[in-house]
Each structure stands twice: as structure tokens, then as C-alpha cells.
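# Coordinates in review
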Amino acid sequence: MNSILRKIASERGPAKGHQGRPAYAIVVGLAASLVLGLSACTGGGDEKGEATQKAATSSTPASPTSGKIVPTSATASSSDPAGLPKLAFDGDVTTVWNAGASAPSWIQLDLGQPVTISRVRLNVAQDPPGPTMHEISGGPTPDSLTLIGTLDGNTTGGQWLELNQSANNVRYVKIETTKSPSWVAWREIEIYK
Ligand SMILES: [Ca+2]
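As the structure is a computational prediction, the values presented were derived from the model and not from experiment. (Residues numbered from 1 in each chain as written. Predicted model: local features only at pLDDT ≥ 70, side-chain atom pairs only at ≥ 80, totals over all residues.)

### With respect to the overall build of the protein
Within the protein, the secondary structure is distributed over two helices and eight strands. Counting from the amino terminus, the protein carries its helices and strands in the arrangement α-α-β-β-β-β-β-β-β-β. Out of the 193 residues in the protein, the part that is buried amounts to 37%. (Helix = DSSP H or I, 4+ residues; strand = E, 2+ residues; numbered from the N terminus. Buried ≥ 20, exposed ≤ 12 C-beta atoms within 10 Å, placed from the backbone.)

The structure is reproduced here in C-alpha cells:
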């Protein structure tokens with residue numbers, strides 16, 4: 001009996017490490033929201049970033065279970081051969097779209113049809129960590145995009161960023177990174193109704 005318990009315990013060790021990952025991501029995600037919220041507060045009312053303040057405020061759970069829109073395709077300013085745009089929305093945070101280039105670089109998702117979106121979640125692929133700025137815009141055609149919001153803060157690889165801002169008539173969502181110490185890349189981009 002004891003040996004069975006020990007066996008279970010020892011098997012649980014590594015398994016726990018695995019399960020720990022998403023939990024870690026959630027904690028980091030919340031921390032990111034706080035950091036971004038904080039930077040929004042301290043930057044309140046100044047120059048640019050009309051949508052930034054509202055957009056950066058986030059206190060929602062890190063793993064919404066419904067309303068996720070599956071994009072039909074994506075294009076990007078550039079892509080590493082091993083980091084194609086489709087890897088940014090394959091549901092797997094271990095696969096990465098990588099511009100293979102510095103900021104400014106962008107990726108644009110096609111949602112297939114115009115919809116109303118309320119949230120964009122992004123899993124950061126970045127090395128080294130540091131200050132980044134991402135402008136998220138949307139619209140019915142690629143040449144009629146308007147700014148939905150800006151994420152501005154210190155970010156690190158594996159962290160979830162969230163933009164909670166509604167926008168309607170959105171078929172194309174473009175995420176342009178205008179500042180980063182790293183090549184521009186995303187592990188995963190999620191769009192929600
Ligand atoms: Ca992925």
C-alpha cells in the first residue's frame with residue numbers, strides 16, 4: 001500500500017510540473033493586466049493612446065471558454081520559414097508566428113466575415129523581456145482598419161496580454177508591434193465575440 005502511494009506520489013511529481021504551466025501563465029497574465037492597468041493609470045490623460053487607457057484595464061479571467069472566433073487565415077509583414085502566421089492561431093502556445101524581424105512588424109488575422117469582437121488575447125513570444133507596444137486595429141477590409149486599442153507595458157515570453165474593448169464590423173484584426181527589444185512574434189492570438 002505504502003509503495004503504491006509512493007509510486008503515485010512520484011508519478012505526480014512531473015505531472016504536476018506540467019499542469020503547473022497553465023496556472024503559471026494565468027498568474028503571469030493577471031500580473032500583466034495589473035502592470036498594464038497600472039501603466040494606464042500613471043499615464044492617464046496624457047498625449048496619445050485614447051483607447052489605451054480603457055483597453056489596458058483588465059480584470060477578467062484568463063481563460064474564457066466560449067465565444068472564441070477561429071480565424072480562417074493570416075498574413076504578416078514578414079515571417080520566419082519556421083514561424084508561419086497560421087501558428088499564431090493553431091490553439092497551441094508552443095508554436096509561434098515569428099516575423100524574424102524587429103519592430104515595427106505586424107500580423108493580420110482574417111476572421112472570415114465581419115463580426116463584433118469584445119476581446120483580444122495574446123500569448124507573448126519575446127526574448128529578452130522588456131517594454132513593448134502593440135497597436136490592435138480592426139475593420140471590414142484590410143484597408144479600412146481603425147485602432148481598437150494599444151497594449152503598452154513591460155512584457156515577457158509566455159505571458160498573456162488582454163485587450164478588452166468592443167469593436168463591430170471587424171473581419172480583419174491587425175496587431176502591429178511598434179516597440180520591442182525582441183524579434184516580433186506571438187505564441188497565440190485569440191479573438192472573442
Ligand atoms: Ca501557436
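### Things to note about the nonpolar core
Formed by 31 residues in total, the largest nonpolar core has its most connected members in A88, W97, V173 and W186. For this core, the secondary-structure elements that each account for two or more residues are strand 2 (73-76), strand 4 (105-124), strand 6 (146-155), strand 7 (160-179) and strand 8 (185-192). The element best represented in this core is strand 7, accounting for eight residues. When neighbours within four sequence positions are excluded, V173 is seen to be in contact with Q108, L109, L111, V120, I136, G138 and I191. (Core = buried A, V, L, I, M, F, W, Y, C linked by C-beta atoms within 7 Å. Contact = placed C-beta atoms within 7 Å.)

### Regarding unusual backbone geometry
Look at the link from A103 to P104: it is a cis peptide, with omega at 0°. Inspection of the secondary structure puts P104 in the loop between strand 3 (97-98) and strand 4.

### Things to note about the environment of Q108
Checked against the element boundaries, Q108 lands in strand 4. In this structure the C-alpha to C-alpha distance between Q108 and I136, which are 28 residues apart in sequence, comes to 9.5 Å.

### Section: the environment of I117
In this fold, I117 is placed in strand 4. The exposure class assigned to I117 is buried, which follows from the 23 C-beta atoms found within 10 Å. C-alpha separation for the pair I117 and K193, spaced 76 residues apart in sequence, amounts to 4.3 Å. Those residues in contact with I117, other than ones at most four positions away along the chain, are G138, A167, V170, I191, Y192 and K193.

### What to know about the confidence of the model for the protein
Detailed reading of the predicted coordinates is not advisable wherever pLDDT is low. The predicted model of the protein averages 79 in pLDDT, with 66% of residues at 70 or higher. Contacts of residues 1-61 to residues separated by more than four positions or lying in other chains number 55 contacts, the stretch itself having pLDDT below 50. (pLDDT = per-residue confidence, 0-100.)

### Description of the pairing of strand 6
Each regular strand carries side chains that alternate between the two faces of the sheet. For strand 6, the tally of buried residues reaches seven of ten residues, placing the bulk of the element in the interior. Note that strand 5 (residues 130-139) and strand 6 share nine bridges and pair antiparallel. In the strand pairing of strand 6, P131 is matched with N154. Counted along the chain from strand 5 to the antiparallel partner strand 6, the turn is six residues long. (Pairing = 2+ DSSP bridges.)

### With respect to the environment of L151
Locating L151 in the fold gives a position in strand 6. Placed 16 residues apart in sequence, L151 and E135 show a C-alpha to C-alpha distance of 6.5 Å.

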